[in-house]
Each structure stands twice: as structure tokens, then as C-alpha cells.
Amino acid sequence: IQTSLTNVSNKEIGWVYIVQIVDSKGAIVDLNFSTGSLVKNQTLTTALFWTPHNYGTYKIETFVWDNLLDINALSPKSTFTITVT
């Protein structure tokens, strides 16, 4: 599960990319994150891996925050659904 990040500010920024997988019953089945920083005008692609262990429908939620303490969103939450058959 990957996303491209672009720093459009005039300074270096730190980021946390978070992926949360939720099953059809609303239970979080996976939660993972990666961290890094971007200098101004830099773009990079970050990714986290997830392997489903059961069939079913899953909601994938991704977040990009400035850090894990203050939890200031750097972009809107993204949500999409997949079905594993």
C-alpha cells in the first residue's frame, strides 16, 4: 500500500505514514507506520506491506501526520475498500 508524498512548504518537514486495515466487523486487523522527512519541493513514494490472512472485505485507511505525538494531519485521510477472494 503506497502513496506519494510531496513537501510544498519552504522548510524540511517530518512525516508519519500510517496504514490501518479494518475488517467487515469493524476490527482493526493491521496497523503499521513508517516515518521520514522531506526537504522543500521533494517528492517520494512510501509503502507499507500487508498480506491478508482471510477472505473478506477490508477497509484500508491511510493517514499522513507530522508525528505520532501531536497528530497534526499533513493531508486528509484516505479510505478505500478491497475484497479478498
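Here, the structure is the one placed above.
We now turn to the structure provided with this report. The model shown is predicted, which means the values in this text are computed figures rather than measured ones. (Residues numbered from 1 in each chain as written. Predicted model: local features only at pLDDT ≥ 70, side-chain atom pairs only at ≥ 80, totals over all residues. Heavy atoms only, no water.)

Quick word on unusual backbone geometry
Even without glycine at this site, asparagine 41 takes up a positive phi of about 65°. Secondary-structure assignment places asparagine 41 in the loop between strand E3 (28-38) and strand E4 (43-47). Despite not being glycine, isoleucine 71 has its phi angle at roughly 55°, a positive value. By secondary structure assignment, the location of isoleucine 71 is in the loop between strand E5 (56-65) and strand E6 (78-84). (Helix = DSSP H or I, 4+ residues; strand = E, 2+ residues; numbered from the N terminus.)

Quick notes on the packing of aromatic side chains
What the rule picks out here adds up to two aromatic pairs. Ring centres of tryptophan 50 and tyrosine 58 lie 5.1 Å apart, and the angle between their planes is 70°; on these two criteria the pair is classed as edge-to-face. Residue classification places tryptophan 50 among the buried positions, given a relative accessible area of 18%. Take tyrosine 58: its relative accessible area is 5%, and that puts it in the buried class. Centroid distance phenylalanine 63 to tryptophan 65: 5.6 Å. Interplanar angle 50°. Geometry classified as tilted. Of the two residues, phenylalanine 63 and tryptophan 65, neither departs from the other in class, the shared state being buried. (Phe/Tyr/Trp six-rings, centres within 6.5 Å; stacked < 30°, edge-to-face > 60°. Buried < 20%, exposed > 50% of the residue type's maximum accessible area, 1.4 Å probe, protein only.)

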